[in-house]
Structure formats: structure tokens, C-alpha cells
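These are the residues of each chain, in order.
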Amino acid sequence: MAKAKWDVSNFDNWKTADFPIGMVGLEAGNSRDYITGGWRSERPVWNKEKCQHCMMCWVICPDAAIQVKNEKMVGIDFNHCKGCGICIGECRFGALKMVPEHSEEV
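Once a new chain begins, its residue numbering starts again from 1 and follows that chain's sequence as written. Local features are withheld for residues below a pLDDT of 70 in this predicted model, meaning they are given only at 70 or higher, and side-chain atom pairs are given and counted only at 80 or more; totals for whole chains, interfaces and linings count all residues. Excluding hydrogens and water, the side-chain values take into account all heavy atoms of the structure.

**Re the pattern of salt bridges**
Piece 1. One speaks of a salt bridge when a side-chain nitrogen belonging to Lys or Arg is within 4 Å of a carboxyl oxygen belonging to Asp or Glu. Under the counting rule described, the total for this entry stands at four salt bridges.
Piece 2. Here D63 and K82 are joined by a salt bridge, their closest N and O atoms 2.6 Å apart. Of this pair, D63 sits in the loop between helix 1 (56-60) and strand 2 (66-69) while K82 sits in the loop between strand 3 (72-76) and helix 2 (86-90), and the two are 19 residues apart along the sequence.
Piece 3. Burial classes: relative accessible area under 20% of the type maximum marks a residue as buried, over 50% as exposed, and values in between as partly exposed (1.4 Å probe, protein chains only). According to the relative accessible area criterion, K82 is partly exposed, its value standing at 25%.
Piece 4. In this structure, K97 engages E105 in a salt bridge whose closest nitrogen and oxygen atoms are separated by 2.4 Å. In this description a helix means any DSSP run of H or I spanning at least four residues, a strand means any run of E spanning at least two, and both kinds are numbered starting from the N terminus.

**Details of the environment of D77**
Piece 1. Within the element layout of this structure, D77 appears in the loop between strand 3 and helix 2.
Piece 2. Spatially, the C-alpha atoms of D77 and I66 are 6.2 Å apart, while their sequence positions differ by 11 residues.
Piece 3. Contacts: residue pairs with any heavy atoms within 4.5 Å of one another. Contacts of D77, omitting those with residues within four sequence positions, involve R32, A65 and Q67.
Piece 4. A polar contact is formed between the side chain of D77 and the side chain of H80, at a distance of 2.8 Å. By the criterion applied in these results, polar contacts are pairs of N or O atoms within 3.5 Å in which, for protein atoms, one can donate a hydrogen and the other can accept it, and in which residues neighboring in sequence qualify only through two side-chain atoms.

**So, the side chain of R43**
Piece 1. In this structure, R43 sits in strand 1 (residues 42-46).
Piece 2. Charge assignment in this entry is limited to Lys and Arg as positive and Asp and Glu as negative, and neither His nor the chain termini are counted. No salt bridge is formed by the buried R43. Its closest oppositely charged neighbour is E101, at 4.6 Å.
Piece 3. Beyond its immediate sequence surroundings of up to four residues, R43 is in contact with F78, K97, M98, V99, P100, E101, S103, E104 and E105.

**Describing the environment of I35**
Piece 1. For I35, the location among the structural elements is in the segment before strand 1.
Piece 2. Looking at I35, the relative accessible area reads 38%, which means it is partly exposed.

**A word on the nonpolar core**
Piece 1. Here the nonpolar core consists of buried residues drawn from Ala, Val, Leu, Ile, Met, Phe, Trp, Tyr and Cys, with membership extended through side-chain atoms lying within 4.5 Å. Counting residues in hydrophobic clusters, the biggest one holds 12 residues: W46, C51, C57, C61, A65, I66, M73, I76, C81, C87, A95 and L96.
Piece 2. Setting aside its immediate chain neighbours within four residues, C87 contacts P44, C57, I60 and L96.

**As for the environment of T36**
Piece 1. Along the polypeptide, T36 turns up in the segment before strand 1.
Piece 2. C-alpha separation for the pair T36 and D63, spaced 27 residues apart in sequence, amounts to 9.4 Å.

Next up, the structure:
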């Protein structure tokens, strides 16, 4: 596979040897070095008008994919969000919902 390390655009044609070894890294604090958002089949969509910035989604997100600035949610880091949906279950205001990964809904 001659493409870039994280290019999954040709994923359907990968051979067994093309798949990365199932290990992200051994050193603590290195998760930002690994783009894992390509694992998703669904993704969260954030409705900023409904959001009350309670930050419970940020607290519960296992991937630190909720982006925050000045103590308010400002978006979702899709390079690291794996689409687990835990944030959806925590949002009491209906500001987050899951859609299929390739949906055009934003």
C-alpha cells in the first residue's frame, strides 16, 4: 500500500498485510498521535441552538472528542470520535444525535 499512513480511502481493496497491527501505542498520553475516527459507522451531530453547555458530553466522552473553548462546547473532533454514542445518552437537551457516518446531515 503506497498511500499515506492514515489513508483509508482504498480500504475495501486492502490485503491482510495492509491492515495495521492492533495496537495504538504503549506510551501514556499519545492518543492525539493516532487518528481513529475512521472506525465509526455512525457519528454524532451537534445542534448548538439546543446545547446548554452543561459539559456532561465532554465529561463522559472516552475519546476526548468534544471540543471546548471558554467552558463551552464548540464542536466535535471527528479525527478521534469513534461513534460510540455515549455522549448522546448523556445529553439531556437533545443537542446531540447519531446519524449514519455517510449521511449528509450536519
